[in-house]
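Understanding the architecture of this molecule
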Amino acid sequence: MKSVQVTGPGQVVYTDAPEPPASGGVLVGVHRVGICGTDVSIFSGGVPVDYPRIMGHEMIGEVIEGGGTGIATGQRVLIDPAIACGLCPLCREGRPNLCLTGGLLGRDADGVFAERVVVPADRLLAVPSEVSDLAAGLLQVLGTCVHAHRSTHVVPGDVAVVVGLGVSGLLLTQLLSASGATVVGVTRSEWKRELALRFGAAAVAPPDGVAAVITDMTGGFGADLVVEAVGTEATLSQSIELTRVGGKVVVFGTITQGGEGLPYYQLYLKELTLWNPRAAVPADYARGIELTASGALDLEPIVTDELHLSEAALAFERVTSPDSLKVLMEVG
């Protein structure tokens, strides 16, 4: 079967791979796959893997053989890409996303950038016909956004700021708007600001203008919630400054390096709550599928590029382009 493998930093090939083992799970034919930030880091060498590694953890496909409760041959499915032992204290708490010996498809084991994959039945989620194939390509990243959104506890009238309007930021904008929050989207990109307004944001602003918008909107009190969805120390620092006394900051972006330091006194003075959500649990994916099927969320406009798996090198170029959001690749 054909697959996309990373063979070294900056080296990706479209090549043959052995068929996945017939035993040990359900055989799934992969229809579409998506590229996320973790894939980009693996591709660049920033996240080490054993070479060669079949990449990818975002997909939509169809059961070819096998199945489980509610999953039959021919069923369209999403794969929960988390690898979890099911036995450690965190798994027993219902937090397999934090498994002490866990991992991720495409990083710690061969992933879904292939024509077929075998996974345990309990990691499959049925995707109803109300969700288009195109929208289904975003369901995995949506699950991680649902996981982050669960902790926000926003109520109608709360002012919520989303700093960074990439794929995740735009999904979180929709989720927060659907919860009744007054959302302010922040990005330098004019076209992404326009898309956030389409998705329910009450206001948008560039980074150097958002403080004035929040001051005007809240009478100088500050935002009830700020979601950092970029992944830099500078944007986290700004998020802390924008949040009101007693407010909450959700650190959704993955920050891997420090720099000038955070406004630590503001953290103390405002008695802020910071939360770092990580990945998702099966219930988050199920909720994302439910919201998408109901029409509460609009996913298709976030897809900017549709390529074939054989064009993976070009896809990795596109995913870092300022005029690109979600990049999907068709398989087969």
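Structure report, in brief. Owing to the predicted nature of the structure, the values given are computational and were not obtained by experimental measurement. (Residues numbered from 1 in each chain as written. Predicted model: local features only at pLDDT ≥ 70, side-chain atom pairs only at ≥ 80, totals over all residues. Heavy atoms only, no water.)

1. Describing the sheet that holds strand E16 (residues 273–275)
Spelled out, the test is: Two strands are counted as paired when DSSP detects at least two bridges linking them. For the purposes of this entry, the term helix denotes a DSSP run of H or I that reaches at least four residues, the term strand denotes a run of E that reaches at least two, and both are numbered from the N terminus. Between N-to-C directions, angles cover 0 to 180 degrees, with each direction set by a line fitted to C-alpha atoms, over the stretch in contact for helices. By definition in these notes, contact holds between two residues if any of their heavy atoms fall within 4.5 Å.
As summarised here, the arrangement of the 6 strands in space is E13-E12-E11-E14-E15-E16, forming an open sheet in which the pairing is parallel. Here the strands that pair on one side only, and so sit at the sheet edges, are strand E13 (203–205) and E16. Across the sheet, the mean angle from the axis of one strand to that of its neighbour is 20°, orientation sign disregarded. Of the strand pairs in this sheet, strand E12 (residues 182–186) and E13 are connected by 3 bridges, and their pairing is parallel. Paired with Val-186 across the bridge in E13 is Ala-205. Here helix H7 (residues 210–218) sits on the sheet and contacts strand E11 (159–163), E12, E13 and strand E14 (223–228); the angle it forms with E12, its principal contact strand, is near 170°. Where helix H8 (residues 233–242) meets the sheet, it contacts E11, E14 and strand E15 (243–251), and its direction lies at approximately 150° from that of E15.

2. With respect to the side chain of Ser-3
Here is the rule we go by: Any pair of nitrogen or oxygen atoms within 3.5 Å is treated as a polar contact; in protein, a donor-acceptor pairing is required on top of that, and neighbouring residues in sequence qualify only through side-chain atoms on both sides.
Structurally, Ser-3 can be placed in strand E1 (residues 2–8). A polar side-chain atom of Ser-3 sits 3.1 Å from a polar atom in the side chain of Gln-5. Once residues within four sequence positions are removed from consideration, Ser-3 is found in contact with Val-13, Tyr-14, Thr-15, Asp-16, Ala-17, Ile-54, Phe-113, Ala-114 and Leu-309.

3. Topic: the sheet that holds E1
Read from one edge of the open sheet, 3 strands run E2-E1-E4, paired in antiparallel fashion. Every other strand in the sheet has two partners, leaving strand E2 (11–16) and strand E4 (53–54) as the edge strands with one partner each. By the bridge criterion, 6 bridges tie E1 to E2 in an arrangement that is antiparallel. What sits directly across from Val-6, in E2, is Val-12.

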